[in-house]
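A structural walkthrough
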Amino acid sequence: MMVDLTAGSRKQLWNGSSIYGLLVVALVFICISQVDSFKHDSNKDAGDCSGSRTCTKCAQNPSCSWSLKRQACVNTTRRPELLMVNIREHCPQFTVVDSFVYKMHLPFTYKVKVSNDVSGFIKYLGKSNITCSLKGVTYNGTVSEEADTINCQTISNDNLEFDKQRLMIYHYSIAFDGVPLRIDDGVNNYFTVYNSHYCDITNKTKDCVACSWNSELNTFYYKRCSAGNMCTGLFEFYDRRNATAFEDTAADDPDNKDTASLLTESGPPAGVCPDMTIQSVEPLSAPWSGGATLVITIKNHEVLSESRKVTVMVAGRDCVHPKKINGETISCTVGSPKPDDLATGPVHVIYGQLRLTSAQTFQFVYPEPTALSPTCGPVSGGTLLHITGRSLDAGSTATVSVGPANVPCELVARYEDRLLCVTGPSDAPAAGAVTVVFDKFLRRKVGVNGTGAPLSKAAVQFVYAGDPVLDAGQPFSGIASGGTYIPVRGRHLACVSNATLYVDDSDGVRHYAGCTVHNDTFMECRSPALEAPRSSPACATAVAPSLNFGFRVHFADHTLDLSPQSDFPSYRLYADPAFTDFDTDGRNVTINGRHLDRGYQPSVDLAIRLRNAKGTPCTVISTQRRRIVCVRPPSSTEDGDLREIYVTVGHEFGRTVKKNSNTDNRLADGPLGVFEAFLLMVGILTGVCFMSALVGAVYVVWNNKCNIRRYL
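Residue indices begin from 1 for each chain and proceed along its sequence in written order. At least 70 in pLDDT is required for a residue's local features to be given in this predicted model, at least 80 for side-chain atom pairs to be given and counted, and no such filter applies to totals for whole chains, interfaces and linings, which use all residues. Side-chain figures throughout are based on the complete set of non-hydrogen atoms in the structure, without hydrogens or water.

**A closer look at the nonpolar core**
Going by this rule: By nonpolar core we mean a set of buried residues, namely Ala, Val, Leu, Ile, Met, Phe, Trp, Tyr and Cys, connected to one another through side-chain atoms within 4.5 Å. Under the scheme applied here, a residue whose accessible area is under 20% of the maximum for its type counts as buried, over 50% as exposed, and between as partly exposed, the area being computed with a 1.4 Å probe on protein chains only. Every residue pair with non-hydrogen atoms within 4.5 Å of one another is taken to be in contact.
Of all hydrophobic cores here, the largest spans 56 residues; its most connected members are Trp213, Met276, Ile296 and Ile387. Ignoring any residue separated from it by four or fewer positions in sequence, one finds Trp213 in contact with Asn218, Thr219, Phe220, Tyr222, Leu263, Gly267, Pro268, Pro269, Val272, Cys273, Met276 and Leu354. Within the second largest apolar cluster, 37 residues are counted, among which are Cys58, Trp66, Tyr139 and Ile174.

Pasting the structure below:
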């Protein structure tokens, strides 16, 4: 069967093959990228896992597994292999079988019990070459699968260099096929040989404590027994080895010359040695000033402290006069503060060469001045400052200063939550932070907490200001209903509070209205409500009376009256606007009335809305004595049917204004027709002719009278 591929079909097949090929190349590229990424991540994770040197530490990390064959921690993404432990509870346990009682020329055997073997590791060891290392000498070992033990070759006391001591402690290590066996609890790498001449075997571990731990570079072993132990007497032993070395030698320190200093500098990490640990600290916080009593509970404190001085450090500070309350509890007094003290830190209890560290964190509570009132005062001083915060009674002394010139503020009262002081005089107006110094060295700015982090963007500022003064050349006026905008300008107004405008009416009654201070040179007031001015008998217009007024303010704990300048001594009171009606041509709205441009600020106070108080705004373009003109917005739906509008002046005065009923809607709402225009023109011409005739007649009569008088 022949298949004929036309040019088109060949082209289609080529295009399909090309697309398929491109897809294959893309998939291969993606796979290679994923493999590279996987390798990178695996290497990264493997590096993280390699830091764990025991099975229990390795298997607690979900991404790590413990290889029993290699005694190494590897990443779980690696190729699976036999004898892998992924769960901490599946780690085999290794425990030294027993310590030994020394007898003359009696050989000794180091035995390790293997338990919790869920992976068959003991069977694997039975097929491996076991070697044991003691004091740099290698011995053969065997595995007893029936007893689940690893047995090292017996050796005599001559090899142990044991003579007439009460006891000797030895470090033993085991390897299989050259791989060092990693034992979780390093205590089981050590065994003790006792001299039977001194020792009652039943009491060999009485009143003793032992622990092993790792640091980044070293592994430590520590043991101490009290004088009550008949086998040991008062005894202490410590050993340091390289954490990565497998041979049985103390790395870089064969004589343990610097082990004591390392023990004191680091000591076992918190929680690693349950038989010698700081169990609790109460309380976990105390005032920065010191003097607080701490109660510390320590497991086996009596054994660790026997016949030596105990030192306690709290967050880097001495806790003096430690006293034993009972066998596991001590108390001490937090010492005086120092300039370089830490705010937080652990509690350390130091027994000679051993240093224990608490898992709990202790915190010193520092004084924190957080708020200030008032924030302004006169340059003459005398302002009573209220500084509020926490722990402000800490320390024995406290001083307060203001601004960059450190003007003293005399302390008059001191409590836990507040300080009171009186400011001294300043040479000139200035602003700056308020600083409180405790015990002559601890400096705290108001608004900044004990750790130096700001509670706000900056420390609270106190302003030394001059006396508030009003600028000259300012007219002050309002309408009878009050509530209109009155701008007031001056100097040193920022420190003013509770400002009010007062006006005395014609009967001497004082009326008040509130003011708001915006900055150091400007405040905004509202006019008070007063009785409307009476109209003059000679004319129909109301006369604006001149009234006594002023400004009452609170400044620096004092109430002051600010009088206006002499160039405008009185307050002008105007009658409320009187609106009669309005007209509209479809775009502009003209409101008619009286007193429409007096006693208020049109740009601020005047608002016109179409129909009602919530209607569409109308933009004011002109304000005159008898009319106000505003422009309706193009989007307004109130066209020819607009019958009323709502006008407000200030905060208190509002009126609904009706449309002029005499106005012809046709004239107001649109252009005139031809007939209407003709009638209008005829009326206008008739009126002009009539007026001309009337003027002519009057002229003729007047002229005749003048002629008659002349003749007479």
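**Structural notes on the side chain of Asn592**
Counted only if it meets this: The way it works is that DSSP assigns letters per residue, a run of H or I at least four long becomes a helix, a run of E at least two long becomes a strand, and they are numbered from the N terminus. Counting of polar contacts relies on pairs of N or O atoms within 3.5 Å, with two restrictions inside protein: one atom must be capable of donating a hydrogen and the other of accepting it, and residues adjacent in sequence are counted only when both atoms are side-chain atoms.
Within the element layout of this structure, Asn592 appears in strand 44 (residues 588–594). At a separation of 2.8 Å, a polar atom in the side chain of Asn592 contacts the side chain of Asp581. With near-sequence residues (within four places) excluded, Asn592 lies in contact with Ala578, Phe579, Thr580, Asp581, Phe582, Asp583, Arg626 and Arg627.

**Regarding the packing of aromatic side chains**
Rules: Aromatic rings from Phe, Tyr and Trp, with only the six-membered ring used for Trp, were paired whenever their centres fell within 6.5 Å, and each pair was classed as stacked if the ring planes differed by under 30 degrees, edge-to-face if by over 60, and tilted otherwise. Here, a charge over a ring means that NZ of Lys or CZ of Arg falls within 6 Å of the ring centre while also lying within 35 degrees of the ring normal.
By the definition in use, this model includes 22 aromatic pairs. Residues Phe121 and Tyr124 carry aromatic rings whose centres are separated by 6.3 Å and whose planes lie at 15° to one another, so their mutual orientation is stacked. On the criterion of helical spacing, the pair formed by Phe121 and Tyr124 is a turn pair, its members being three residues apart in helix 3 (residues 121–126). A relative accessible area of 0% means that Phe121 is categorised as buried. For Tyr124, a relative accessible area of 26% puts it in the partly exposed group. On the basis of an interplanar angle of 40° and a centroid distance of 6.3 Å, the ring pair of Phe579 and Phe653 is categorised as tilted. Within this pair, whereas Phe579 is found in strand 43 (residues 578–584), its partner Phe653 is found in strand 49 (residues 653–658), the two being separated by 74 residues in sequence. Taken individually, Phe579 and Phe653 each receive the classification buried, so the pair is uniform in this respect. One aromatic cluster is present, formed by Phe94, Phe121, Tyr124 and Phe176 through successive ring pairs. Directly above the aromatic system of Tyr415 lies the positively charged group of Arg418, at a separation of 4.1 Å from the ring centroid.

**Details of the pattern of salt bridges**
We count it as follows: The salt bridge definition used is simple: a Lys or Arg side-chain nitrogen within 4 Å of an Asp or Glu carboxyl oxygen.
If you walk through the whole model with that rule in mind, you get 14 salt bridges. In this structure, the salt-bridge partner of Arg390 is Glu368, at a minimum N-O distance of 2.4 Å. Of this pair, Arg390 sits in strand 26 (residues 384–390) while Glu368 sits in strand 24 (residues 368–373); the two residues are 22 residues apart in sequence, bridging distant segments of the chain. We classify Glu368 as buried; its relative accessible area is 19%. Of the charged contacts in the structure, one is a salt bridge between Asp605 and Arg526, with a shortest N-O distance of 3.2 Å. With Asp605 in helix 7 (residues 602–605) and Arg526 in strand 38 (residues 522–526), this residue pair connects regions lying 79 residues apart in the sequence. Salt bridges sharing partners connect three or more residues here, namely Arg224, Glu236 and Arg308.

**With respect to the pairing of strand 23 (residues 354–365)**
So the rule is basically this: Two strands form a pair only when DSSP identifies at least two bridges running between them.
Where strand 17 (residues 285–287) lies against strand 23, three bridges are found, and the strand directions are parallel. Looking across to strand 23, one finds that Ser285 is bridged to Gln363. Alignment of strand 22 (residues 344–351) against strand 23, held across seven bridges, turns out to be antiparallel. Counterpart to His348 in the pairing with strand 23 is Thr357. Connecting strand 22 to the next strand, strand 23, in antiparallel fashion are two residues, including Gly352 with a positive phi near 60°.

**Side note on unusual backbone geometry**
The general pattern is negative phi for most residues beyond glycine and trans for most peptide bonds. With an omega of -10°, the peptide bond between Glu282 and Pro283 qualifies as cis. Tracing the chain through its elements places Pro283 in the loop between strand 16 (278–282) and strand 17. Look at the link from Ser373 to Pro374: it is a cis peptide, with omega at -10°. If you check the backbone angles, Ser391 has positive phi at about 55° while not being a glycine. Residue placement: Ser391 occurs in the loop between strand 26 and strand 27 (398–402). Even without a glycine there, the phi angle at Asn406 is positive, about 55°. For Asn406, the position within the fold is in the loop between strand 27 and strand 28 (407–414). Look at Asn406 and you get partly exposed, because its relative accessible area is 43%.

**Topic: the pairing of strand 49**
Inspection of the sheet shows strand 48 (residues 644–649) paired to strand 49 by six bridges, in the antiparallel sense. Each bridged residue has a counterpart across the sheet, and for Thr648 the counterpart in strand 49 is Gly654. Where strand 48 hands over to strand 49, the hairpin turn is made up of three residues, of which Gly650 adopts a positive phi near 75°.

**Regarding the environment of Leu547**
Checked against the element boundaries, Leu547 lands in strand 39 (residues 546–547). C-alpha of Leu547 to C-alpha of Asp504: the two residues are 43 residues apart in sequence and 6.2 Å apart in space. If sequence neighbours within four positions are ignored, Leu547 has contacts with Val503, Asp504, Asp505, Ser506, Leu530, Ser570, Tyr571 and Leu573.

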